[in-house]
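So you can see what is in the structure, the chains are spelled out below.
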Number of protein chains: 2
Amino acid sequence: LAVEAEIIQKIRSALGCNPQPSTPWLRLGLGDDAAILRPCPQEGTSKRNKPSGGREWVLSCDAFLEGVHFRPDVHGPRDVGYKALARATSDLAAMGARPRFFLLNLVLPGSRTGAWLDRFLLGLREASRKLEISLVGGDTSRLPHVAINIMVGGDVPAGHALTRSGARPGDLLFVRGTLGAAQLGLGLIQRRFARSPRQEKRWNSLLAAHLRPAIGLDFGRWLSGDKPSGPKIASAAIDTSDGLSTDLEHLCESSGVGARIWAGRLPLVRIPPELKTLRLDPLQLALHGGEDYQLLFTVPRGIASQIPRKYQGVSITHIGEITRGPGIELVQESGRRKKLTPQGWDPFRKT
Amino acid sequence: LAVEAEIIQKIRSALGCNPQPSTPWLRLGLGDDAAILRPCPQEGTSKRNKPSGGREWVLSCDAFLEGVHFRPDVHGPRDVGYKALARATSDLAAMGARPRFFLLNLVLPGSRTGAWLDRFLLGLREASRKLEISLVGGDTSRLPHVAINIMVGGDVPAGHALTRSGARPGDLLFVRGTLGAAQLGLGLIQRRFARSPRQEKRWNSLLAAHLRPAIGLDFGRWLSGDKPSGPKIASAAIDTSDGLSTDLEHLCESSGVGARIWAGRLPLVRIPPELKTLRLDPLQLALHGGEDYQLLFTVPRGIASQIPRKYQGVSITHIGEITRGPGIELVQESGRRKKLTPQGWDPFRKT
């Protein structure tokens, strides 16, 4: 089913990739939210860099495509600009890195080079200021549909980056924010529920979760021990872009572990009474809804008491624990246990 | 006419970009073939990095799009894979950098995830080995047309990167290789001249110029004083991706200078007698033909004698000189001078 994983596997074997390559300038290659570069190699000196007390670059890229990730009839250009950069930067938050720069590869139809582009750039600038990340390069091309490719870079104390692969059995599992809010926001927009300005105001926070995800950069840096400077707190992390069931599986697979989560502990989205007719199930939204761009992370049990219940006003929830695995177990409120299968976003799934 | 420049100007002013920003970790931002990062900043120490004798990262990105840069009916997947990476890496050659890593953002229709993808990856691997550049990350998405976004990174001795902005009046202007060969190769393919294997063999080198550009990485590193280690030789450089008339204008504009080139000195492509009926003009191909991915560079007059006539078997030709400008002057074989206007590739030109 998960054809995307097959494609990535094909790419990996064709290009002879090794997730922990022995090249001196690369700490981490394919298979995480981002790659990690060691300080630039010095020619002519020793093959391996001296261990530096410095910082390392973290790099990631993200595509935001019309017709796949957004639709021109429901997503305004300003929101598209904001979200394109926010979702790319989310990978840096998941690594515990501080954002620094991005490259923008912008594909536009000729008809969007006027007012649409102006408003797109306005949203992009808003995100760039909010996330403190600067444009340093890019490229433009012309095609009938908008495609936005963004490469982001940030830096982290050497050896402190949060990877997907560090979770160990016994670690506790946490999530930042509410799960499923972005999916609910998208549902409202798609069903044209949010058309009149008065309604939009009422559902502002639900729409914002979908249109303008609040990336947990400071919290990620706190987890990596970057801000304030200190020891690394999280053992592993990933951002929830494809839905909890899918992203947690990615984390477990990278770490070679399993997980147990409690349905009763999940920070569910509250569905307003007026929307009951939509028959949305908050638990399903939380388990499989995509694009929350929250942090899902693990912490060794011994230091888990350091995790606050809120950070900068956003809830941090203990939702489960890491097991030997394999697989992810969902403990329902009744106490019944069932296997949780990934049903989140996969662009290549056969439907 | 040059609408692409307008779009880039819009982006630049919206994002508040400064080509020479004062941020300590960035040496060069928007407006060149690539951005240059200084070694990672050290938190809590001085704001500015100590000048390091080390190396700097050079980053660039490139889009290679079906229907714009290649066509499925004339470009096989293996060549598409090779060229996608070669053209992206050409930006590193133009900076005099050594390639290290790339990120791949691959958009595919479901129908291309089988044999097409396998052959594409074969070509990508060939380029990756030839150019000594490793895949370290990426992303995949699904759309009806193939789109390949590649972000490349390399390193260069600190302060040695070749930029577009260093040309000074009096510098001599050189180009590596033959101009217009890639455009001629494309013409042969488009006109179905190169359909039978026997014909293909005869015109192999012409086709290769279009399908598998030979990137001058070693020569670029020689010009930057990286390999062998020495002083920087070129004062400015750019790769010829959009055609000489357009790329030379980019270089002149960045440097605030003009240029004079001699038509009689241009390394023209030789058109085989069998192709005379196509009425291709070698001079027009050389001036405006795109995708050669050769190096166009300037050298201070005093050290220009160091430039060899050939480097690794490829001709290096003195084609002109840098003037105070403004504008580019073409000296025809008759001695007549005329203004050369950019007629190279611009995706947004109104036609």
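So, how was this worked out
- Residue numbers restart at each chain and count upward from 1, following the sequence in its written direction.
- Labels follow written order: the first chain is A, the first ligand is 1, and so on.
- Only residues with pLDDT of 70 or above have their local features reported here, since the model is predicted, and side-chain atom pairs are shown and tallied only from 80 upward, although totals for entire chains, interfaces and linings are computed over all residues.
- Each side-chain value is worked out from all heavy atoms of the structure, with water and hydrogens disregarded.
- Numbering of helices and strands runs from the N terminus; a helix is a DSSP stretch of H or I covering at least four residues, while a strand is a stretch of E covering at least two.
- Exposure categories follow from relative accessible area, calculated using a 1.4 Å probe and restricted to protein chains: below 20% of the type maximum is buried, above 50% is exposed, and the middle band is partly exposed.
- Residues are treated as being in contact if the distance between any of their heavy atoms lies within 4.5 Å.
- Here, Shrake-Rupley sampling with a 1.4 Å probe gives the accessible areas, and only protein chains in the shown set may cover a residue.
- Residues reaching a pLDDT of at least 70 in both copies supply the C-alpha atoms on which the copies are superposed by least squares.
- Accessible area that two parts lose when put together, with a 1.4 Å probe and added across both, is what the buried area reports.
- Criterion for a salt bridge: a side-chain nitrogen of Lys or Arg within 4 Å of a carboxyl oxygen of Asp or Glu.
- As used in this structure description, the phrase polar contact means that two N or O atoms lie within 3.5 Å; if the pair is within protein, one of them must be able to donate a hydrogen and the other to accept it, and residues adjacent in sequence are counted only when both atoms belong to side chains.
- The span one expects for a helix is its residue count, reduced by one, times 1.5 Å.
- A pair of strands is considered paired only if DSSP assigns at least 2 bridges between the two.
- The axes are straight lines fitted to the C-alpha atoms, using for helices just the contacting stretch, and the angles between their N-to-C directions are given from 0 to 180°.
- Whether a crossing is left-handed or right-handed is set by the direction in which the near helix is turned from the far one by less than a right angle, anticlockwise for left-handed and clockwise for right-handed.
- Stacked, edge-to-face and tilted are the three classes for Phe, Tyr and Trp ring pairs, Trp counted by its six-membered ring, which pair at centre distances within 6.5 Å; planes under 30 degrees apart are stacked, over 60 edge-to-face, the rest tilted.

**Points about the overall build of chain A**
Looking only at helices and strands, one finds 9 helices and 14 strands in chain A. When each of the 351 residues of chain A is scored for burial, the buried share is 59%. Counting contacts in chain A only where the partners sit at least 6 residues apart, residues at least 24 apart contribute 80% of the total. Summed over all atoms, the accessible surface of chain A reaches about 14600 Å², with 49% contributed by carbon and sulfur.

**Here's the deal with the relation of the copies chain A and chain B**
Each copy of the sequence occupies a distinct position, and chain A is placed on chain B by a rotation of 180 degrees and an axial shift of 0.0 Å, giving an RMSD of 0.0 Å. As the rotation angle and translation indicate, the two copies are arranged about a two-fold axis.

**Overview of the interface of chain A and chain B**
Across the contact, 66 residues belong to chain A and 66 residues belong to chain B. When the two sides are added together, the surface that chain A and chain B hide from each other amounts to roughly 5800 Å², 68% of it contributed by carbon and sulfur. Inspection of the chain A/chain B interface yields 2 salt bridges. Between Lys10 of chain A and Asp118 of chain B there is a salt bridge, with its nearest N and O atoms 3.1 Å apart. Counting across the interface, chain A meets chain B through 10 residue pairs in polar contact (both at pLDDT 80 or more). Sorting the residues of the side of chain A that touches chain B by element identifies helix 1 (3-14), strand 2 (35-37), strand 3 (55-65), strand 4 (98-108), helix 3 (115-130), strand 5 (134-142) and strand 6 (147-157) of chain A as the ones contributing at least two each. It is strand 4 of chain A that provides the largest number of residues to the side of chain A that touches chain B, a total of 10 residues.

**Remarks on helix 2 (residues 77-94) of chain A**
In this model, helix 2 of chain A (18 residues) spans 26 Å end to end at C-alpha, consistent with the 26 Å of a helix rising 1.5 Å per residue. After helix 2 of chain A finishes, the residue Gly96 of chain A shows a positive phi value of roughly 75 degrees.

**Let's talk about the sheet that holds strand 6 (residues 147-157) of chain B**
With mixed pairing, the 6 strands of this open sheet are ordered in space as 1-2-3-6-4-5 (chain B). On the outer flanks of this sheet lie strand 1 (26-28) and strand 5 (134-142) of chain B, each paired with one strand and no other. Taken over all neighbouring pairs, the strand axes of this sheet differ in orientation by 20 degrees on average, direction set aside. Its contacts with the sheet place helix 1 of chain A against strand 4 (98-108) and strand 5 of chain B, and it is angled at close to 150 degrees to strand 5 of chain B.

**A closer look at the packing of helix 2 of chain A against helix 3 of chain A**
Residue and element names in this part refer to chain A. Where helix 2 meets helix 3, the closest approach of the two axes is 6 Å, and the angle between their N-to-C directions is 40 degrees. Crossing angle aside, the handedness with which helix 2 passes helix 3 is right-handed. Contacts from Pro77, Arg78, Val80, Gly81, Tyr82 and Leu85 of helix 2 reach helix 3 at Trp116, Arg119, Phe120, Leu122, Gly123, Leu124, Glu126, Ala127, Ser128 and Lys130.

**Description of unusual backbone geometry**
Cis geometry marks the peptide bond from Lys227 of chain A to Pro228 of chain A, where omega comes out at -5 degrees. Mapped onto the secondary structure, Pro228 of chain A falls in the loop between helix 7 (217-223) and strand 8 (236-239). For the peptide bond that leads from Gly325 of chain B to Pro326 of chain B, omega is 0 degrees, which places it in the cis range. Mapped onto the elements, Pro326 of chain B comes out in the loop between strand 12 (314-323) and strand 13 (328-331). In the Ramachandran plot, Glu291 of chain A falls in the positive-phi region, its phi being about 70 degrees despite a non-glycine side chain. Inspection of the secondary structure puts Glu291 of chain A in the loop between helix 9 (282-288) and strand 10 (295-299).

**Some details on the packing of aromatic side chains**
All names here are of chain A. Counted according to the given criterion, the structure contains 16 aromatic pairs over all chains. Look at Phe219 and Trp222: their rings are 5.8 Å apart centre to centre, the planes differ by 20 degrees, and that puts the pair in the stacked class. Taken together, the positions of Phe219 and Trp222, both in helix 7 and 3 residues apart, correspond to about one turn of that helix. Classification of Phe219 by relative accessible area gives buried; the value is 1%. For the pair Trp222 and Tyr311, a centre-to-centre distance of 6.0 Å together with 40 degrees between the ring planes defines the contact as tilted. One end of the pair, Trp222, is in helix 7; the other, Tyr311, is in strand 11 (residues 310-311), with 89 residues separating them in the sequence. With respect to class, Trp222 is no different from Tyr311; both count as buried.

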